[in-house]
Amino acid sequence: MSELTPLTQATLPDMPDGVRTPRYDRDRLTPGIVHIGLGNFHRAHQAWYLHRLMDEGLALDWAILGAGVRPADAAAREKMLAQDCLTTLIELDPSGKSAEVTGSMIGFVPVDDGNGSLIAQMADPRIRVVSLTVTEGGYYQDGTGGFDGDHPDIRHDVASPDAPGTAFGAMIAALRRRREAGAGPFTCQSCDNLQANGDVLRRTILGLARMQDPELADWIERACTFPNSMVDCIVPATGPAERALVREFGIADEVPVTHENFRQWVIEDRFCAGRPDWDRAGATFTDDVHAYEAMKIRCLNGGHQVIADPGEILGVETIAGCMEHPLIHGFFRKVELEEIVPHVDPVPGMTPQEYVDLIDRRFANREIRDTTRRVAFDGSSRHTGFVLPVIRDALKAGTPIEGLALTEALWARMCEGTREDGTTIEPNDPIWDDLQQAARAARERPRAWLDQKRIYGDLAEASRFADAFDAWLARIWSDGAEEALKIYTKA
């Protein structure tokens, strides 16, 4: 292999042939966005849309500053700064791979206790949007979807409003400074996979602000905007295989990002301090984000949970591998078409059935090495957000729920912590210990799993669902996951 080209601003002109590089002068960029929770998805998705706008000579005053509030974010910051915040994106398509260097991110805020640097940066009047990808479970919601004001992190921020530990506390502290300085508000933009993600973010910000300073909370409610959005792109975690792949392109990049050849971003056009024209790079502005996000969250994100847990139990390492497994694939198709699609409305240009066919092809892309472990991560948030709402709708409508009940039983079996070949499933959820305890108790008494009120609420009292869950979990433990899948798919 020829010598690798380090990824830095100075070496951009020396990138290997065929690698697309920024067509804009990065020295002309000024910040307009702070993004909290900067990871692979953001770099492959929101940052790419902005990068492509900049390629057209637009939005040069909207560059991104990365930020984080966790100690691990400091390590990510050092890696990004070492390569001038440039990212190599590698598109993985069955017809061939391609590489592109993006440059819309120009800095990374220092990560410090009390988040003083982050607060100061967000208080800068040049910042007009603060966006977040902090995972579906990161918004301090209680078991009913409301704001959890009793969480220890929230209590800390109420007691220490000028040195908060959460992203939301830091945003409120910055807004307090902006109000005092007459600098005006910024838009608060969630980019997480949550239905009504803007409304969820609004509830969290206002809930915490009211506990700190009701008058400030009233100003935030009047002045700030919280647009809902739907985001979609399959972006695997970066590991040795991805770092080896970027070297095949001749680039030395320690934090490359791989992604599929599909992106979608649907956004409510509610921005109190202006916004980039993301639609000129392919995003969609609409007044009806709900229909798009319901289709994506229920069919794609819910579908991921349908296949990831049996994949883990049966030792299938990747999502593409799950789609090649006849029983898991058959399970996916039947649950989607018979139990999820009836509770999804069409969107312009796409029926729910067509969308299922689309994600079937996307999940089956062998070039995307998306692990079952990554997709199964944080099931306590993902099942709660992606699967259980469909079950509730189906119970109200009297439509089938057998496959959805089996999905929950497979999750319970996975959380017991061993595969059917006897190997260990390592902890894979922020509340893994609690899940494992419930899963082990449920081996003898299945209802013990549904007794987790913070996850299932009153669903344990819905006899049609609870009885089906009990029967499926007992079947899985007695005859194995494949036998349960076989029974369901042949019914």
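What you see is a predicted model; the values in this text were computed from it and never measured.

Cut-offs used in this document
Residues numbered from 1 in each chain as written. Predicted model: local features only at pLDDT ≥ 70, side-chain atom pairs only at ≥ 80, totals over all residues. Heavy atoms only, no water. Helix = DSSP H or I, 4+ residues; strand = E, 2+ residues; numbered from the N terminus. Rg over C-alpha atoms; globule rule 2.2 N^0.38 Å. Buried < 20%, exposed > 50% of the residue type's maximum accessible area, 1.4 Å probe, protein only. Contact = heavy atoms within 4.5 Å. Areas by Shrake-Rupley, 256 points an atom, 1.4 Å probe, with all protein chains shown as cover. Lys, Arg positive; Asp, Glu negative; His and termini not counted. Charge placed at Lys NZ, Arg CZ, Asp CG, Glu CD. Polar contact = N/O pair within 3.5 Å; in protein donor to acceptor, adjacent residues only side chain to side chain. Pairing = 2+ DSSP bridges. Axes fitted to C-alpha atoms, helices over the stretch in contact; angles between N-to-C directions. Parallel < 35°, antiparallel > 145°, perpendicular 65-115°, else oblique. Nonpolar A, V, L, I, M, F, W, Y, C, P; charged D, E, K, R; others polar. Phe/Tyr/Trp six-rings, centres within 6.5 Å; stacked < 30°, edge-to-face > 60°. Lys NZ or Arg CZ within 6 Å of the ring centre and 35° of its normal.

> Residues and numbers for the overall build of the chain, please.
Each helix and strand counted, the chain has 21 helices and 13 strands in total. Taking 491 residues into account, the globule formula puts the C-alpha radius of gyration at 23 Å, and the chain, at 23 Å, falls close to it. Dimensions of the chain, computed from the C-alpha atoms along their principal axes, are close to 65 × 60 × 40 Å. Taking all 491 residues of the chain together, 58% fall into the buried category. The long-range share in the chain, meaning contacts at least 24 apart out of those at least 6 apart in sequence, stands at 75%. Element-wise, carbon and sulfur atoms account for 47% of the exposed surface of the chain, whose accessible area totals about 19,100 Å². Averaging the coordinates of the 52 positive side-chain charges in the chain and doing the same for the 77 negative ones gives two points 1 Å apart.

> Could you give me a rundown of the environment of Thr372, with the residues and numbers involved?
Take Thr372: it is sitting in helix α14 (residues 372–376). Here the alpha-carbon distance between Thr372 and Ile307, two residues 65 residues apart in the chain, equals 8.2 Å. Setting aside its immediate chain neighbours within four residues, Thr372 contacts Ala308, Gly311, Glu312, Val316, Glu317, Thr318, Ile319 and Cys322. At a separation of 3.0 Å, a polar atom in the side chain of Thr372 contacts the main-chain carbonyl oxygen of Val316.

> Which residues make up the sheet that holds strand β8 (residues 187–190), and what values go with them?
Strand pairing in a sheet relies on backbone hydrogen bonds, with the paired strands running either antiparallel or parallel. Spatially, five strands are ordered β6-β3-β2-β7-β8 in an open sheet, and the strand pairing comes out parallel. Where the open sheet ends on each side, the last strands, each with one partner, are β6 (105–108) and β8. Sheet twist, expressed as the mean angle between neighbouring strand axes with direction ignored, is 25°. Where strand β3 (residues 63–67) meets β6, three bridges bridge the pair, whose relative direction is parallel. Looking at the pairing, Gly66 lines up with Phe108 of β6. The strands that helix α4 (residues 116–123) touches are β2 (31–36), β3 and β7 (129–132); relative to β2, the one it contacts most, it runs at about 145°. Along the sheet, helix α6 (residues 167–181) makes contact with β2, β7 and β8, crossing β7 at roughly 175°.

> Please set out the sheet that holds strand β4 (residues 87–93) residue by residue, giving values where relevant.
Strand order across the open sheet formed by three strands is β5-β4-β11, with mixed pairing between neighbours. Only two strands of the sheet have a single neighbouring strand rather than two, namely β5 (96–102) and β11 (257–259). Neighbour-to-neighbour, the strand axes of this sheet turn through a mean angle of 25°, independent of strand direction. Relative to β11, β4 runs parallel, the two being bridged by three bridges.

> Tell me about the packing of helix α10 (residues 289–313) against helix α15 (residues 379–397), and please be specific about residues and values.
Where α10 meets α15, the closest approach of the two axes is 9 Å, and the angle between their N-to-C directions is 110°. The angle between the axes of α10 and α15 places the two elements in the roughly perpendicular class. Note on element contacts: α15 touches α10 through Arg382, His383, Gly385, Phe386, Val387, Pro389, Val390 and Asp393, opposite Ile297, Arg298, Asn301, Gly302, Gln305 and Asp309. Considered class by class, the residues forming the contact of α10 with α15 number five nonpolar, five polar and four charged.

> Hey, could you go over the packing of aromatic side chains for me, with residue numbers and the actual values?
To describe a pair of aromatic rings, one takes the distance between the centres and the angle between the planes. Tallied over the full model, the rule gives twelve aromatic pairs. Taken together, a centroid distance of 4.8 Å and an interplanar angle of 45° make the contact between Trp265 and Trp278 tilted. Pair noted here: Trp265 is in strand β12 (residues 264–267) and Trp278 is in the loop between β12 and β13 (284–285), with a separation of 13 residues, a long-range link. Taking relative accessible area as the criterion, Trp278 reaches 2% and is therefore assigned buried. By the ring-pair criterion, three or more aromatic residues cluster together here, those being Trp48, Tyr49, Trp265, Phe271 and Trp278. For Arg275, the ring lying beneath its charged end belongs to Phe285, and the centroid distance is 3.8 Å. For the cation-ring pair, Lys334 lies above Tyr488, with the distance from its terminal atom to the ring centre recorded as 4.6 Å.

> Describe in detail the environment of Trp219, supporting the description with residues and values.
As for its placement among the helices and strands, Trp219 is situated in helix α8 (residues 214–223). Residues Trp219 and Pro185, 34 residues apart in the sequence, show an inter-C-alpha distance of 9.1 Å.

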